[in-house]
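Next come the chains, spelled out residue by residue.
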There are 2 protein chains.
Amino acid sequence: MPETNLQILLKRRPVGAPVPEDFAVVETPVPEPGDGQVLVRARFLSLDPYMRGRMADAKSYAKPVALGAVMEGQTAGEVVASRHPDFAPGDVVLGGYGWQRFSVVGPERLFKVPAADPPLSSSLGVLGMPGLTAWVGLEDIGQPKAGETVVVSAASGAVGQVVGQIAKIRGCKVVGIAGGSKKCDFVVKELGFDACLDHHGDLDAQLDAAVPEGIDVYWENVGGKVQAAVFPRFRDFGRMVMCGMIAQYNEAPGADAAGAPAGPNLGPVVRKRLRIQGFIVSDTGWPRYGTFRAQMEGWIREGRLHWREDVVDGLRNAPTAFIGLLKGENFGKLVVRVD
Amino acid sequence: MPETNLQILLKRRPVGAPVPEDFAVVETPVPEPGDGQVLVRARFLSLDPYMRGRMADAKSYAKPVALGAVMEGQTAGEVVASRHPDFAPGDVVLGGYGWQRFSVVGPERLFKVPAADPPLSSSLGVLGMPGLTAWVGLEDIGQPKAGETVVVSAASGAVGQVVGQIAKIRGCKVVGIAGGSKKCDFVVKELGFDACLDHHGDLDAQLDAAVPEGIDVYWENVGGKVQAAVFPRFRDFGRMVMCGMIAQYNEAPGADAAGAPAGPNLGPVVRKRLRIQGFIVSDTGWPRYGTFRAQMEGWIREGRLHWREDVVDGLRNAPTAFIGLLKGENFGKLVVRVD
C-alpha cells in the first residue's frame, strides 16, 4: 500500500476558543516537488499560539488559512525527494510546512539541521521559531543590560523559557510569571530564574515582594490581568516587548475592534519614557537564523541553556493539543511527533 | 525706589484643575548672582502644560515645586549682572528660571539668542523648548519618511505646529487635530497642513475621510478620546510619539494609579508591530539646541516655518493664562510678557 499524506485542514472558523470540530483530518496522495522544490517528510510539527490568528478571517500581518486548506505550521523532518541542488534525500531539515505528514516547500526557509544532539524536536523550540523569537525580541527591543530587572510572562512556555535564560546570561535579575506551582518550580529550579510568580495567586502582592525596585524589561506573552498588574511597575526607560497576548486570542471580534477589553492608561509612557513595541519574528528573524543558532548552540554546550518540551504523539492529536495550548495546558514547548 | 522681584509662588497643590487661589503673588528683593552665576531679567515667560505635573506631589521624572516656592518655568530676557565669564550685562538670553521677574541661574542651560529677528518670544516657542520637543521627538521616535501619513494632536499648540510643519518639510501627508474651526483654519491655511480635524465634531467620521490609508506616525499631545479614535488606525510599523496627554493632566490621583481611565487594548501593537514611546525633551534635548536652532532658523529664512503665539501681558496674569492653557483656551504658543 503506497504511503498517503495525512493532513489536518481548517474546516470552519472558530468562534471564541477552537473546538475539535473546527478541524478535519484527511488522507490525500503524497505531493511531488516541482522544479526547485523539496519534498519533506515531517517527524515533528510545531504548535504555536500564533496559529489561532491564522484561523480567523481578520486582517492581520499574515493571510488567514483558507477554509478547507491545511493548517499552517512548521515541521522538522527529512528530505525524501529533491529538485533543488542544495538539498538531497536524507537531509534532515527544519522548514517543512503545515499540519501534515508530507509537504513540498521551496528553499527560502529550509535549513539543514543535526538529526540529533540536540534532538531534532529542539529545532522547533529552543533552536526554532520560538527561540528565534526570544532572541530577536531581546536583541532588537528588550536590550536587557546587566543589573536590570526582567519580567517574563508565560515563563515556562516555548518563548518565555528562552527569554529568561538569555536575560540571565546577560546578567539580569529575571522573574517569571507562570500558571501553577509545577511550572514555577521548573522555571526556578531547572531554568535558573531568580523567582517565578503564579498568576493564579495574588499577582500584585507577589510583584510587590519580587520586584520592589520596579521593572526594566517586561516580555509580554499573555496580556489581560497579568499585563494590568505589571504595567504600573515599570522603571524609567522601561521596555515592554510585545510578543503576544495569548489570554486575548480567543476574543471576538478582535482586539482592536469596538468592545475589545481596555488596556493600560498610557500616561506613564510619557512620564517614565517607556517604549512599548511589537514585533513578528518572521519580519527579520530568518535571515539571522544562522547567527542565532550558532550563539544558542554555544550556550547549550556550555550548559547555560535548558529547555522543556511537551511532546504529543500522533498528528491526529494536534487539534486537541492546540486547543489545550490556548488554555495553558501544555508544559514547555508543544510539539507533535508526527509518526 | 529700587526694583523688586515679582514672583508667583505655588501656594497649595491643586485638586483637579488649578484655580487662581493655588498661586500667590509676592514681591521680594532682587537676588544677587553668586560666583559663576548670572542674574537674568525676564522679558517673556513660557507657560507650558508640563507645569501642571510640577504642581502635584507625585513621583515623576522631575521633582515637584515645593509649596511656597516660585513656580517652575523658563524665561527669555537679558543679563543684568554676571559673575560668569561667558555672559555680560546686556546679553540677550534664553534660560532664566521661574515665574518671576529676576532669576539667578548657572550657565548650563543658558543660551545667547538674538534680541530680535526672529522676535525674542520665539526663543520660548518655535525656537525654544516646545520647538525642540517637536524636533527631538521626530528625530528620535517618529522618524517620518516621505509619503507617510502623520497625524498631530493639539495641532495649533506650541509643539503641534512645529511637528506638523517639520513633517511637511519631510514630505509627509500631515493631518492635524485641534479644537474648533478657528484653530483648524489656521493649521491648514497658515501652517500648511493637508487637513485639520475638529475634535469637537465626530472624530471617527473625520478620520475615516481624512486618513483612509491609515496612520504611520501619531504625535500624542492630548490622550483621552482623541487617542481612542486614532489608535485603531495605525498602519503596520506605525509609531506613536508620546509627548503628553494634556486631556488627563488634571486627573486625580494620577494616570497610573488604580481608577485611572483605561487606555487602548494593546493587541494591535503586536499584530501591526507598533512602537509607542514616550520622551521628555530635557533628557537629551538641550545639548542639541545649537543643531536644532541652526536647522530651524534655516527653514524660517526659507519661509517654510511659521508660528503663532498667544501673548498675555503682565506676569500677574500668568496663573489665569495657565489655567486656560489646560482647557485649550490659548491659540498658539502661550507666553507672558513680563513687563
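Look up: the structure comes first, before these words.
These numbers come from a predicted model, not from an experiment. By convention here, each chain's residues receive numbers from 1 onward along its written sequence. Labels are handed out in written order, letters beginning with A for the chains and numbers beginning with 1 for the ligands. A pLDDT threshold of at least 70 governs which residues receive local features in this predicted model, and a stricter bar of 80 or more applies before side-chain atom pairs are shown or counted, although totals over entire chains, interfaces and linings include all residues. Computation of side-chain values covers all heavy atoms of the structure but excludes hydrogens and water.

1. Here's the deal with the overall build of chain A
Part 1: Only DSSP runs of H or I covering at least 4 residues are called helices, and only runs of E covering at least 2 are called strands; the numbering of each starts at the N terminus. Each helix and strand counted, chain A has 10 helices and 15 strands in total.
Part 2: Using C-alpha atoms as the atom set, the radius of gyration is obtained and then compared with a globule rule of 2.2 Å times the number of residues to the power 0.38. For chain A, the C-alpha radius of gyration of 20 Å lies close to 20 Å, the compact-globule estimate for 339 residues.
Part 3: Dimensions of chain A, computed from C-alpha atoms along their principal axes, come out at roughly 65 × 45 × 35 Å.
Part 4: Here chain A, with 339 residues, has 57% of them falling under the buried criterion.
Part 5: We call two residues in contact whenever any of their non-hydrogen atoms come within 4.5 Å of each other. Excluding contacts between residues fewer than 6 apart, the proportion of contacts in chain A whose partners are at least 24 apart in sequence is 67%.
Part 6: Values of accessible area rely on a 1.4 Å probe in the Shrake-Rupley scheme; residue burial ignores everything except the protein chains shown. In the structure as shown, chain A presents an accessible area of about 13300 Å², 53% of it carried by carbon and sulfur atoms.
Part 7: Of the charged side chains in chain A, 37 are positive and 38 negative, and the gap between their average positions amounts to 3 Å. For each residue, the accessible area found with a 1.4 Å probe, counting protein chains only, is set against the maximum for its type, and the residue is called buried under 20%, exposed over 50%, and partly exposed in between. A residue counts as positive if it is Lys or Arg and as negative if it is Asp or Glu; His and the chain ends are not included. Where a charge lies is defined by one atom per residue type, namely NZ (Lys), CZ (Arg), CG (Asp) and CD (Glu).

2. Digging into the relation of the copies chain B and chain A
Part 1: Here chain B sits on chain A after a turn of 180° about the axis and a move of 0.0 Å along it, with an RMSD of 0.0 Å. With respect to symmetry, the two chain copies, as superposed, fit the operation of a two-fold axis.
Part 2: Comparing contact sets, 100% of the residues at the interface of chain B also lie at the interface in chain A, consistent with an isologous, same-surface contact. A least-squares fit on C-alpha atoms brings the copies together, and the residues used are those whose pLDDT is at least 70 in both copies.

3. Looking at the environment of Asp86(B)
Residues and elements named next belong to chain B.
Part 1: Among the secondary structure elements, Asp86 is positioned in the loop between strand S4 (74-82) and strand S5 (92-97).
Part 2: Judged by relative accessible area, Asp86 falls into the partly exposed class, the value being 47%.
Part 3: Asp86 sits 26 residues away from Lys112 along the chain, and the two C-alpha atoms are 9.6 Å apart.
Part 4: Residues within four places of Asp86 in sequence aside, it is in contact with Asp91 and Lys112.

4. Quick look at the sheet that holds strand S8 (residues 149-153) of chain B
Part 1: For two strands to count as paired, DSSP must find a minimum of two bridges between them. The mixed open sheet is built from 12 strands, whose spatial order is S10(A)-S9(A)-S8(A)-S11(A)-S12(A)-S13(A)-S13(B)-S12(B)-S11(B)-S8(B)-S9(B)-S10(B). In this open sheet, the two edge strands, each paired with only one partner strand, are strand S10 (195-198) of chain A together with strand S10 (195-198) of chain B. With direction set aside, neighbouring strand axes in the sheet form an average angle of 15°.
Part 2: As defined by bridge partners, S8(B) adjoins strand S11 (residues 215-220) of chain B across three bridges and the pair is classed as parallel. Bridge assignment links Val150(B) to a residue of S11(B), and that residue is Val217(B).
Part 3: On the sheet, helix H3 (residues 158-169) of chain B packs against S8, strand S9 (173-178) and S11 of chain B and is oriented at approximately 170° with respect to S8(B). Where helices are involved, their axes are fitted lines through C-alpha atoms of the stretch in contact, as for all axes, and angles between N-to-C directions lie from 0 to 180°.

5. A look at the interface of chain B and chain A
A common way to express how large an interface is: the accessible area buried when the components associate.
Part 1: Listed per partner, the contact involves 37 residues of chain B and 37 residues of chain A.
Part 2: By definition, the buried area sums, over both parts, the 1.4 Å-probe accessible area that each loses when the two are put together. Of the roughly 2800 Å² buried where chain B meets chain A, counting both sides, 59% is carbon and sulfur surface.
Part 3: Salt bridge, as used here, is a side-chain nitrogen of Lys or Arg placed within 4 Å of a carboxyl oxygen of Asp or Glu. At the junction of chain B with chain A, the criterion picks out two salt bridges.
Part 4: With a shortest N-O distance of 2.7 Å, Arg273(A) and Asp283(B) are connected by a salt bridge.
Part 5: For this analysis, a polar contact is any N or O atom pair within 3.5 Å, provided that within protein one partner can donate a hydrogen and the other can accept it, and provided that sequence-adjacent residues contribute only side-chain to side-chain pairs. Where chain B packs against chain A, one counts eight residue pairs in polar contact (both at pLDDT 80 or more).
Part 6: For the side of chain B that touches chain A, the element with the most residues is helix H7 (residues 267-271) of chain B, which contributes five residues.

6. Here we look at helix H9 (residues 289-301) of chain A
Residue and element names in this part refer to chain A.
Part 1: Each helix should span, by expectation, one fewer than its residue count multiplied by 1.5 Å. Taking 1.5 Å of rise per residue, 13 residues should cover 18 Å, and H9 covers 18 Å from first to last C-alpha, within 8% of that figure.
Part 2: Taken together, the buried positions of H9 are occupied by Tyr289, Phe292, Arg293, Met296, Gly298, Trp299 and Ile300.
Part 3: Elements that come into contact with the buried residues of H9 comprise strand S5 (92-97), strand S7 (111-112), helix H2 (129-142) and helix H3 (158-169).

7. With respect to H3(A)
The periodicity of an α-helix, 3.6 residues per turn, causes residues three or four places apart in sequence to face the same way.
Residues and elements named next belong to chain A.
Part 1: With 12 residues, H3 should reach 16 Å at 1.5 Å per residue; the first-to-last C-alpha distance of 18 Å fits that figure.
Part 2: Of all 12 residues making up H3, 11 are buried, and the element is well covered by its neighbours.
Part 3: Among all positions in H3, only Ala158, Val159, Gly160, Gln161, Val162, Val163, Gly164, Gln165, Ile166, Ala167 and Ile169 are buried.
Part 4: Gly171 sits one or two residues past H3 and shows a positive phi near 90°.

8. Quick look at the side chain of Asp48(B)
All names here are of chain B.
Part 1: Tracing the backbone shows Asp48 in the loop between strand S3 (38-46) and helix H1 (51-54).
Part 2: A polar atom in the side chain of Asp48 sits 2.6 Å from the side chain of Ser46.
Part 3: If we ignore the near neighbours within four places in the chain, the residues touching Asp48 are Met129, Pro130, Phe322, Leu325 and Lys333.

That is the geometry; function is a separate question.
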